[in-house]
There are 2 protein chains.
Amino acid sequence: MNALQTDLYQLTMAAGYFSAGKHREVATFELFVRRLPYNRNYYLAAGLQQAVEYLLNLRFTADEIAWLRGLPQFANVAPEFFDYLAGLRFTGDVFGMREGTPVFPNEPILTVRAPLIEAQLVETYLLATIGFQTLIATKATRIVEAAAQASVVEFGTRRAHGPESGMLAARAAYIGGCIGSSNVEAGFRYGIPVYGTSAHSWVMSFASETESFRQLQQLLGEGTIYLIDSYDTLEGARKAIALGRPMAGVRLDSGNLFELSRGVRSILNEAGFHDVKIMATSDLNEYRILELTAAAAPIDLYGVGTDLATSADSPSLGAVYKLVELETDGVKRYTAKYSEEKHTRPGAKQVFRFRNRDLISCEWECPPGDEPVEALLRPVMVQGQLLEPLPDAYQARKTAQENIKRLPHALRSLYAPEEHPWRVEYSPELLALDARVKQSLRGAAR
Amino acid sequence: MNALQTDLYQLTMAAGYFSAGKHREVATFELFVRRLPYNRNYYLAAGLQQAVEYLLNLRFTADEIAWLRGLPQFANVAPEFFDYLAGLRFTGDVFGMREGTPVFPNEPILTVRAPLIEAQLVETYLLATIGFQTLIATKATRIVEAAAQASVVEFGTRRAHGPESGMLAARAAYIGGCIGSSNVEAGFRYGIPVYGTSAHSWVMSFASETESFRQLQQLLGEGTIYLIDSYDTLEGARKAIALGRPMAGVRLDSGNLFELSRGVRSILNEAGFHDVKIMATSDLNEYRILELTAAAAPIDLYGVGTDLATSADSPSLGAVYKLVELETDGVKRYTAKYSEEKHTRPGAKQVFRFRNRDLISCEWECPPGDEPVEALLRPVMVQGQLLEPLPDAYQARKTAQENIKRLPHALRSLYAPEEHPWRVEYSPELLALDARVKQSLRGAAR
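Criteria and thresholds
Residues numbered from 1 in each chain as written. Chains lettered and ligands numbered in written order. Predicted model: local features only at pLDDT ≥ 70, side-chain atom pairs only at ≥ 80, totals over all residues. Buried ≥ 20, exposed ≤ 12 C-beta atoms within 10 Å, placed from the backbone. Helix = DSSP H or I, 4+ residues; strand = E, 2+ residues; numbered from the N terminus. Pairing = 2+ DSSP bridges. Contact = placed C-beta atoms within 7 Å. Nonpolar A, V, L, I, M, F, W, Y, C, P; charged D, E, K, R; others polar. Axes fitted to C-alpha atoms, helices over the stretch in contact; angles between N-to-C directions. Least-squares fit on C-alpha atoms with pLDDT ≥ 70 in both. Arc of directions from axis to C-beta. Domains from an automatic or database assignment.

S.K.: I'd like a description of the pairing of strand 5 (residues 110-115) of chain A, backed by residues and values.
M.R.: All names here are of chain A. Where burial is concerned, most of strand 5 is hidden: five out of the six residues are buried. The pairing of strand 1 (residues 26-33) with strand 5 spans six bridges and is classified as antiparallel. Within strand 5, the position partnered with Leu 31 by the bridge is Leu 110.

S.K.: For the interface of chain A and chain B, give the residues involved together with the corresponding values.
M.R.: One frequently used descriptor of interface size is the decrease in accessible area upon assembly of the parts. The interface of chain A with chain B comprises 82 residues on the first partner and 82 residues on the second. Of the residues forming the side of chain A that touches chain B, the biggest block, eight residues, is contributed by helix 1 (residues 8-19) of chain A. Within the side of chain A that touches chain B, the residues separate by chemical class into 37 nonpolar, 34 polar and 11 charged.

S.K.: Report on the sheet that holds strand 5 of chain A, specifying residues and quantitative values.
M.R.: Where strands meet in a sheet, backbone hydrogen bonds hold them as pairs that are either parallel or antiparallel. All names here are of chain A. With antiparallel pairing, the seven strands of this open sheet are ordered in space as 13-12-1-5-3-17-18. If you trace the sheet from one side to the other, it starts and ends with strand 13 (331-334) and strand 18 (385-386), each paired once. In the sheet, strand 3 (residues 93-96) pairs with strand 17 (residues 378-382) via three bridges, with the strands oriented antiparallel. When the sheet's bridge partners are listed, Gly 96 is paired in strand 17 with Arg 378. Strands strand 3, strand 5, strand 17 and strand 18 of the sheet are contacted by helix 2 (residues 48-57), whose axis makes an angle of about 20° with strand 17.

S.K.: Pulling in residues and values, what's your account of the pairing of strand 15 (residues 357-362) of chain B?
M.R.: In summary, the side chains of a regular strand alternate between the two faces of the sheet. Residue and element names in this part refer to chain B. One ladder, built from five bridges, connects strand 14 (residues 349-353) with strand 15; its direction is antiparallel. Bridge pairing in strand 15 links Lys 349 to Cys 362. With four bridges joining them, strand 15 and strand 19 (residues 423-426) adopt parallel strand pairing. Residue pairing for strand 19: Arg 357 is matched across the bridge by Arg 423.

S.K.: Quick one: what's the story with the relation of the copies chain A and chain B, residue by residue and with numbers?
M.R.: There are two copies of the chain, and a rotation about an axis plus a shift along that axis relates them. Overlaying chain A with chain B gives an RMSD of 0.0 Å, the required rotation being 180° about an axis along which the chain moves by 0.0 Å. The symmetry that links the two subunits is that of a two-fold axis. With an isologous cut-off of 70% or more, the 100% of interface residues of chain A that recur at the interface of chain B puts this contact in the isologous class.

S.K.: Give a description of unusual backbone geometry that names residues and reports values.
M.R.: With omega at 0°, the peptide bond leading from A:Arg245 into A:Pro246 counts as cis. Mapped onto the fold, A:Pro246 is located in the loop between helix 11 (233-242) and strand 9 (249-252). Even without being glycine, B:Ala148 reaches a positive phi, approximately 55°. If you check the backbone angles, B:Gln383 has positive phi at about 50° while not being a glycine. Relative to the helices and strands, B:Gln383 is located in the loop between strand 17 (378-382) and strand 18 (385-386).

S.K.: Can you break down helix 13 (residues 286-294) of chain B residue by residue, with the values?
M.R.: Residue and element names in this part refer to chain B. Those residues of helix 13 that fall on the buried side of the exposure criterion are Glu 286, Ile 289 and Leu 292. The arc that holds the buried residues of helix 13, viewed along the axis, is 120°, so those residues lie on one side. Where helix 13 is buried, its residues contact helix 6 (123-147), helix 12 (257-270) and strand 11 (301-304). Ala 296 occupies a position one or two residues after helix 13 and carries a positive phi of about 55°.

S.K.: An account of the domain arrangement of chain A is requested, with residue identities and associated values reported.
M.R.: All names here are of chain A. Per the domain assignment, the segments of chain A are domain 1 (8-135 + 314-444) and domain 2 (146-309). A separation of 39 Å is found between the C-alpha centroids of domain 1 and domain 2. Looking at the side of domain 1 that touches domain 2, the elements that each hand over two or more residues are helix 6 (123-147) and helix 15 (393-406). Sorting elements by how many residues they give to the side of domain 1 that touches domain 2 places helix 15 first, with six residues.

S.K.: How would you sum up the sheet that holds strand 7 (residues 180-181) of chain B? Please name residues and give values.
M.R.: With parallel pairing, six strands are arranged side by side in an open sheet as 7-6-11-10-9-8 (chain B). Taken across any chain shown, the strands that pair with only one partner, and hence form the sheet edges, are strand 7 and strand 8 (225-227) of chain B.

Below you can see the structure in the form of structure tokens.
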């Protein structure tokens, strides 16, 4: 059903674990991001809902298993493995950060503890859905920040990386602070407010611009937003005014948005349409919007497409999913990777957030001292069952707003300061564990 | 079912066309790309198969329609419109370029001629699926070109823009010349060869590296590719050799790939394992691979992930879908947009490919002269029905290989020359039509 949405090596390893009798070992994996990319000061966690839906529904169909059996890679594999796959469900425990939580590098967003094969198989999907939504939610926070008092709507489905990607981008952008999206499916599935009125093809399909406006007004009434740049933007504004009320706004989709928004605002105000909003679209991103905000362009609403739905200036996140513990017959072994470029630290962790710093500790530690503190990794699934309904996109957006408001101002900049203004430390216990494991692995490699 | 995978304004416009009685007008839209982005000299068309599947299955469910009726945007809309939506199917004609065809800016990849509402509604999905697959197929051609005699496998699902995006990327990368992908679902659905053996977590889950290799060899036999960089790459190669045959290859996933591949090749050759292949992975792209090729690094197989599945150096395509004709009661009207930044040309078109140039003409024109020529836009759907089965991904990949081989060498460069080495011209008839329409629109705008 969805279990083939993975990399082949997850399945070849599964077959290997099965034949080595390791499939009952319990593995703990952590999903995290190694480094902040270009100009980002934090990430906004998103995608937990889709990760959990996937885990709850994980299974192979008979057709899929029959197809797998025919692959050359599985020629030597015992038939019992395929029976095992047919019955495979996700039976593990999951801890996760709430969607809408700001995250820093090396902090686990998600912890999966499950029988080795289950925990390994799900890596690819979890990385793809959490990585992507986190990427876009983060991009959205930047655009929303740049827009200041103006609102932002996500308009990028057509340029997203496929239709499903557009829907997930709409959800993530909403969590990141957009007021909604043009994506109708995201409205239907996730309750995200949907926006949009008309395109140039609408204007062009009528004999005149005025006729196209009249028809739109009849249709949308109080909600009418005219697209006024098909021929001449200022003339378009005058034609809209000539039709009188109702009118909610006008949209500018080309030209110099600073000058045109000022020109259109004057025309509207002179006609007494002070309450009519100006929306701007056209290849926007946080940097262009920041300029418009700084110049006090009278724009009330931005529609942002391509750059938002693809996180164009940094189109991937570099999330990883690493084995940190393995338990065989009740004996726990810690694992880590010590190559120079790609160091990971052993053992399941907790992330404690204090007022102005984070502490990454071993999972069993209590927070030190009596400062107010939040444990960011919360239990989500126990033995394959959802513990309680997850917050929906609306609640995740609220979580994000409240959390971002509390961040130091420097973190909310569109640019990265030389020194990162948020302290993330490891607990002494975790560092001691790390040293012990490093020492013991020196032997194992030989 | 899939009809909500669109932008809201497609539906508000649909309601407007319906209430204006325009829904029986027949519209022709063209999908094309305005400009080549950074370093690209051509695009490789891909995604037609998914576009057609979408059109063949286009429909609204009762639940979806009930939800739409509750949106504030549809408060004024007559109930007949929703009955119309309930019965809506795609009944139009589609012309398209074969997947695997190299394309240049302003050449339509797809033409849709259908009742106005149908043709408009499908814009968002068609742009997203054709735009994305074309983006990735194009990126793949660059990486395959850089790899020269070495083969390339797509490994990017985990960093793709969501799991579905990973599957589409696998398909597109294969069309663009990769020999396969790690994405299992893409293998199951599209018959794409699947690759992958083991990860670092496999090595780490055993008590020693050698034990992990032994288990892998037992499992995969002749197909065994060891991941040898978990501790020390050259030592890893020696441990693999110590286990003897069978062994297909080794994979390097970190460090200096040039030096390590040479070191590993020597060790393998000294042991008589001349036939054992070396695979390299680790944040690769066409630029890094080009350096390795130029340095004659002994790498037989590249696995490329993030940069391929996200087209990282140019993560969107800028495809557009423009109304070019509208027929009302048998009277045809040509449409175009003449804003300075975003000029489109009116009328349905054909693209003729000669040996060393393209001609964009009106759709009814015959190719001039008696040079050998190919009409790139072929009939795909007639009145909502598929004309004949489309070539599958395997055939599309062959089409691409044959077409790319015929392109001038300069077009296959990873960099863009100052003057584009392929002539794309408009026919005199098309230019004359363009001038007439431009003249007539001057009036309509007023």
